[in-house]
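# A look at the structure
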Amino acid sequence: MFNPFSMGKDMKGMEKMVKPALEKFMKDSGFVKKEELDSALQRIDSLEKKVNELERR
């Protein structure tokens with residue numbers, strides 16, 4: 001029988017089971033956080049500038 005008063009507790013239990021699997025899936029499938037992407041793009045830009053400076057010499 002469905003008990004609407006215990007639905008919150010049931011949802012918390014489902015979240016605890018699903019969250020680690022979802023995080024693993026996102027990590028393995030190539031999804032990245034925006035902060036990680038931004039820092040990687042900044043690093044690429046700085047390395048490209050250094051390479052361009054060395055090529056000019």
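Read on for an overview of the structure. If you're wondering where the values come from, they're calculated on a predicted model, not measured in any experiment.

### Focus: a nonpolar patch on the surface
A cluster of nonpolar side chains, Phe2, Met7, Met11, Met14, Met17, Val18, Leu22, Phe25, Met26 and Phe31, forms an exposed patch at the surface whose accessible area comes to about 1100 Å². Secondary-structure assignment places Leu22 in helix α1 (residues 7-28).

### With respect to the pattern of salt bridges
In this structure the tally under the stated criterion is two salt bridges. Residue Asp28 pairs with Lys24 through a salt bridge whose shortest N-O separation is 2.8 Å. On the criterion of helical spacing, the pair formed by Asp28 and Lys24 is a turn pair, its members being four residues apart in helix α1. Overall, the relative accessible area of 54% leaves Lys24 in the exposed class. The partner of Lys34 in a salt bridge is Asp38, and the shortest N-O contact between them spans 3.3 Å. Of the two residues, Lys34 and Asp38 both sit in helix α2 (residues 34-56), four residues apart, roughly one turn of that helix. Accessibility expressed as a relative area gives 58% for Lys34, which makes it exposed. Residue classification places Asp38 among the partly exposed positions, given a relative accessible area of 32%.

What counts as what
Residues numbered from 1 in each chain as written. Predicted model: local features only at pLDDT ≥ 70, side-chain atom pairs only at ≥ 80, totals over all residues. Heavy atoms only, no water. Patch = residues over 30% accessible without salt bridge, like charges linked within 9 Å, V, L, I, M, F, W, Y side chains within 5 Å. Areas by Shrake-Rupley, 256 points an atom, 1.4 Å probe, with all protein chains shown as cover. Salt bridge = Lys/Arg side-chain N within 4 Å of Asp/Glu carboxyl O. Helix = DSSP H or I, 4+ residues; strand = E, 2+ residues; numbered from the N terminus. Buried < 20%, exposed > 50% of the residue type's maximum accessible area, 1.4 Å probe, protein only.

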